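# Summary of structural features
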Amino acid sequence: MKKRIIPLIVVLCLLAALAGCEKYPSQAADGAVWDKNWTMLGSAMGVEEPGNGLELLDNNLALAVSDTYLATWASGEPIPYVNADGDEMEIYESQLYLLLLSREDAAGAQAAVDDWLAQEQETYTVTDTRTETHNGQQYTVLTYLTRSDDNPYSHGAVAFGVFENYAVNVELTCMEDYTGDADAVLASFLDGCHYSADLPE
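Below: a short report on this structure. None of these values were measured; they are calculated from a predicted model.

### Observations regarding the side chain of Q137
Structurally, Q137 can be placed in strand β10 (residues 137–145). A relative accessible area of 8% places Q137 in the buried class. A polar side-chain atom of Q137 sits 2.9 Å from the main-chain carbonyl oxygen of V162. Apart from residues lying up to four places away in sequence, Q137 is in contact with E132, G161, V162, F163 and Y195.

### Points about the packing of aromatic side chains
Inspection of the entire model under this criterion finds 5 aromatic pairs. When the centroid spacing of 6.2 Å and the interplanar angle of 35 degrees are considered together, the rings of W116 and F160 count as tilted. Residue W116 is located in helix α2 (residues 106–123), and its partner F160 is located in strand β11 (residues 153–163); the two are separated by 44 residues in the primary sequence. For the pair W116 and F160, one class covers both residues: buried. Seen from their ring centres, Y124 and Y144 are 4.1 Å apart, and the 10 degrees between their planes marks the pair as stacked. Here Y124 is found in the loop between α2 and β9 (125–134), whereas its partner Y144 is found in strand β10, with 20 residues between them in sequence. Comparing Y124 with Y144, the two get one shared label, buried.

### Observations concerning the nonpolar core
M45 and L98 are the most contacted members of the largest nonpolar core, which has 30 residues in total. Secondary-structure elements contributing two or more residues to this core are β3 (45–47), β5 (68–75), β8 (94–102), β10, β11, β12 (166–175), α3 (182–191) and β13 (193–195). L99, A109, L117 and Y124 belong to the second largest nonpolar core, which has 14 residues in total.

### As for the environment of T129
With respect to the helices and strands, the residue T129 is situated in strand β9. T129 sits in the partly exposed class, given a relative accessible area of 47%. When the C-alpha atoms of T129 and A159 are compared, they prove to be 9.7 Å apart, with 30 residues separating the residues in sequence. Contacts of T129, omitting those with residues within four sequence positions, involve T140, V141 and L142.

### Topic: a negative patch on the surface
Together, D30, D35, E48 and D191 make up a region of like negative charge exposed at the surface. For E48, the position within the fold is in the loop between β3 and β4 (55–58).

### Points about α2
For α2, built from 18 residues, the straight-helix expectation of 26 Å at 1.5 Å per residue is met to within 8% by its first-to-last C-alpha distance of 26 Å. Listing the buried residues of α2 in full gives A109, A112, V113, W116, L117 and E120. For α2, the angular spread of buried residues about the axis comes to 140 degrees, placing them on one side. Exposed and facing more than 90 degrees away from the buried side of α2 are A107, D115 and E122.

### Details of the sheet that holds strand β2 (residues 39–41)
Spatially, the 3 strands line up as an open sheet ordered β2-β3-β13, and their pairing is antiparallel. One side of each edge strand has no neighbouring strand; the edge strands of this open sheet are β2 and β13. Across this sheet, the average inter-strand angle for adjacent strands is 25 degrees, counted without regard to direction. Judged from the 3 bridges that link them, β2 and β3 form a sheet pairing that is antiparallel. Paired with M40 across the bridge in β3 is G46.

### Brief notes about the side chain of S102
Tracing the backbone through its elements, the reader meets S102 in strand β8. In this structure the side chain of S102 is engaged in a polar contact, spanning 3.4 Å, whose partner is the side chain of N165.

### A few points about the environment of E164
Tracing the backbone through its elements, the reader meets E164 in the loop between β11 and β12. Taking C-alpha positions, E164 is 9.2 Å from A107, a pair spaced 57 residues apart along the chain. What E164 contacts, discounting residues up to four positions off in sequence, is A106, A109 and L199.

Rules used in this analysis
In every chain, residue numbers begin from 1 and rise along the written sequence. Local features in this predicted model are restricted to residues whose pLDDT is 70 or higher, and side-chain atom pairs enter the listing and the counts only when it is 80 or higher, whereas totals over whole chains, interfaces and linings include all residues. By convention in this description, side-chain values take in all heavy atoms of the structure and omit both hydrogens and water. The helix and strand labels rest on DSSP assignments: H or I over at least four residues marks a helix, E over at least two residues marks a strand, and numbering proceeds from the N terminus. Between buried and exposed lies partly exposed: a residue is buried under 20% and exposed over 50% of the maximum accessible area for its type, with that area taken using a 1.4 Å probe on protein chains only. Throughout this description, a polar contact denotes any pair of N or O atoms lying within 3.5 Å of each other; where both atoms belong to protein, one of them has to be capable of donating a hydrogen while the other can accept it, and for residues adjacent in sequence the pair is counted only when both atoms sit in side chains. Here, residues are in contact when the closest pair of their heavy atoms is within 4.5 Å. Whether two aromatic rings pair depends on their centres lying within 6.5 Å, for rings of Phe, Tyr and Trp, where Trp uses its six-membered ring; planes under 30 degrees apart make the pair stacked, over 60 edge-to-face, and the rest tilted. Think of a nonpolar core as a cluster: buried Ala, Val, Leu, Ile, Met, Phe, Trp, Tyr and Cys residues, connected wherever their side-chain atoms sit within 4.5 Å. Each patch groups residues whose relative accessible area exceeds 30% and which form no salt bridge, using 9 Å between like charges and 5 Å between nonpolar side chains of Val, Leu, Ile, Met, Phe, Trp and Tyr. Note on areas: Shrake-Rupley, 1.4 Å probe, and residue coverage restricted to the protein chains presented here. Salt bridge criterion: a side-chain nitrogen from Lys or Arg within 4 Å of a carboxyl oxygen from Asp or Glu. A residue counts as positive if it is Lys or Arg and as negative if it is Asp or Glu; His and the chain ends are not included. Where a charge lies is defined by one atom per residue type: Lys uses NZ, Arg uses CZ, Asp uses CG and Glu uses CD. The span one expects for a helix is its residue count, reduced by one, times 1.5 Å. Each direction from the helix axis to a C-beta atom contributes to the arc, which is the arc of those directions. By this definition, two strands are paired if DSSP reports at least two bridges between them. Note on definitions: angles span 0 to 180 degrees between N-to-C directions of axes, and those axes are lines fitted to C-alpha atoms, for helices only across the stretch in contact.

So this is what it looks like as structure tokens:
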């Protein structure tokens, strides 16, 4: 059976399948009018079409913890790949993962982000760390190189943020021959991320 290779963000998730209907916010927290064509993650977040060759693969990988969501985009055609365990997989020249995780409050969301940051620094060789702001939302952004020879992806960029009681993890992982600029593609994707202005107090 074919599988898709997924980075640390998915391992960190380990949640169960999401069910439920979408409720469209009236407005984004950044002041934009909410567009029903955006890819919805619950009723808390919407994502514009990302461009840069990225196409939505899945918006149903969120696993069953209430108010937790995972969506995946990829660029390029699927490439057959066999991992070190002999499992057949499909990989892409780049894949982008967006995890939106609800916690009881902002402090809990920040604790989740702190854990993710620590895991990322332990797993990858981080080459740059910076703070970026997109649509008024602040993120900690890392650029990294992978360490494992078993990983078909050689490098990537990841952003972590907290919005209200939500922890946000956006990771772009790329093959060695990927010709795009991972940092620029991630920044462009974050420019298309919007959060609901209608979250309960």
